[in-house]
Amino acid sequence: MNAYDEYMKGIVKPMREELVLAGFTELTTADEVKETMDNLEGTAIVVINSVCGCAAGLARPAVREALGQAEHRPDRLLTVFAGQDKEATETMRRYFPEVPPSSPSIAFWKDQKLAYFIPREQIENFEMEQIKEHISGVLDQICGK
């Protein structure tokens, strides 16, 4: 591993842990993504994580808070890390080709297909509370039925 890769590994470690400690399963390889998504039953939230400020200050906290207060939670919490686990992220994005790549972003999965998608454009420049409410509303619609 070169010095840059080692440096980035150290930088992103807490960004990864933030979701993992909140109960997310981190998928770091294309094979893990395929195995998980091809056998996924029920509902899931998939966070496309990122090193950017809107992931740190908005997306991750909003997801954690929404899930912490959710009356209806998805069956699975999944995450891939854009820019770090490139093959895993690329493979995950193939499961919802109808939306352009966006990170951070949040995909909601139900009945083996994409049910809803929150792209970066609906995360950056919004207040964390607004994003949390958006996520909460989607969770109620998708997981409450």
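A quick note: this is a predicted structure, and the numbers were derived from the prediction, not measured.

1. Describing the packing of helix α1 (residues 3–20) against helix α3 (residues 53–69)
For any two helices packed against each other, one specifies the inter-axial angle together with the distance between the axes. At a minimum axis distance of 10 Å, the contact between α1 and α3 shows a crossing angle of 20°. As summarised for this structure, α1 and α3 are arranged roughly parallel, according to the angle between their axes. Note that α1 runs across α3; the crossing there is left-handed. Along its contact with α1, which presents Met 15, Glu 18 and Leu 19, the element α3 presents Arg 60, Pro 61 and Arg 64. For the contact of α1 with α3, a count of residues per class yields three nonpolar, no polar and three charged.

2. Side note on the nonpolar core
It is characteristic of soluble globular proteins that their nonpolar side chains tend to be buried jointly. Within the largest apolar cluster, 25 residues are counted, with the highest numbers of intra-cluster contacts made by Phe 24, Ile 45, Val 63, Ile 106, Phe 108, Ile 123 and Ile 135. Looking at this core, the elements with two or more residues in it are β2 (43–49), α3, β4 (105–110) and α5 (128–143). Broken down by element, this core gets its largest block of residues, eight residues, from α3. Once residues lying within four places of it in the same chain are set aside, the contact partners of Val 63 are Phe 24, Ile 45, Val 47, Ile 106 and Ile 135. Residues Leu 27, Val 33, Val 80 and Ala 107 belong to the second largest nonpolar core, which totals 17 residues.

Rules of the game
All residue numbers refer to positions counted from 1 along the written sequence of the respective chain. Given that the model is predicted, a residue must reach a pLDDT of at least 70 before its local features are reported, and side-chain atom pairs must reach 80 or more before they are shown or counted; all residues, however, enter totals for whole chains, interfaces and linings. Heavy atoms from the whole structure form the basis of all side-chain values; hydrogens and water molecules are not counted. All axes are obtained by fitting lines to C-alpha atoms, using only the stretch in contact for helices, and the reported angles, taken between N-to-C directions, cover 0 to 180 degrees. Under the DSSP-based scheme used, a helix requires at least four consecutive residues in state H or I and a strand at least two consecutive residues in state E, with every element numbered from the N terminus. Under this scheme an angle from 65 to 115 degrees is roughly perpendicular, one under 35 degrees roughly parallel, and one over 145 degrees roughly antiparallel; angles in between are oblique. Handedness of a crossing follows from how the near helix is turned relative to the far one, being left-handed for an anticlockwise turn of less than a right angle and right-handed for a clockwise one. Residue contacts are counted whenever heavy atoms from the two residues lie within 4.5 Å of one another. Nonpolar residues are Ala, Val, Leu, Ile, Met, Phe, Trp, Tyr, Cys and Pro. Charged residues are Asp, Glu, Lys and Arg, and all others, Gly as well, are polar. Note on terminology: a nonpolar core comprises buried Ala, Val, Leu, Ile, Met, Phe, Trp, Tyr and Cys residues joined through side-chain atoms within 4.5 Å. In this scheme, a residue with accessible area under 20% of its type's maximum is buried, one over 50% is exposed, and one in between is partly exposed, where area comes from a 1.4 Å probe on protein chains only.

In short, the description is geometric, and any link to function would need to be established separately.
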